[in-house]
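Residues per chain are reported as follows:
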Amino acid sequence: MSDMDAALLCKALSDANRLKILRLLSSGEKCACKLLETFDITQPTLSHHMKILCECGLVCARREGKWTHYSLCRETLDSLCGFLGGFSCCEEGGCQCH
């Protein structure tokens, strides 16, 4: 994953409502109507958040009739976790900062 891709994902994750959406989707696919019931936001606002999450690849959308069903995109989440796992903290006594 490139730094630019990771930055795009981090930007998408920088909103509390979008983080809550991801948490809700972690238990499985949800219809937009079910997501909307959980928030005190309008349908256009939910659509805006879902567009951002879908465009960066964190969420996948599936149309069924007039409803859209959303689920987490495991591949993107795994890539982000791998990218973030590449960071490490200095071990006690092993830091070369000084």
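Note: the structure precedes this text.
Described in the following lines is the structure provided in the data block.

Rules and cut-offs
- Residues numbered from 1 in each chain as written.
- Predicted model: local features only at pLDDT ≥ 70, side-chain atom pairs only at ≥ 80, totals over all residues.
- Heavy atoms only, no water.
- Salt bridge = Lys/Arg side-chain N within 4 Å of Asp/Glu carboxyl O.
- Buried < 20%, exposed > 50% of the residue type's maximum accessible area, 1.4 Å probe, protein only.
- Helix = DSSP H or I, 4+ residues; strand = E, 2+ residues; numbered from the N terminus.

### Section: the pattern of salt bridges
The final tally for this structure, using the stated rule, is five salt bridges. Between E64 and R62 there is a salt bridge, with its nearest N and O atoms 2.8 Å apart. Under the relative-accessibility criterion, E64 is labelled partly exposed at 44%. For R74, the salt bridge goes to D78, with nearest N and O atoms at 3.3 Å. Placement of the pair is R74 and D78 together in helix α5 (residues 74-85), with a separation of four residues, close to one helical turn. Among the residues examined, R74 registers a relative accessible area of 54% and is labelled exposed. Since its relative accessible area comes to 41%, D78 is described here as partly exposed.

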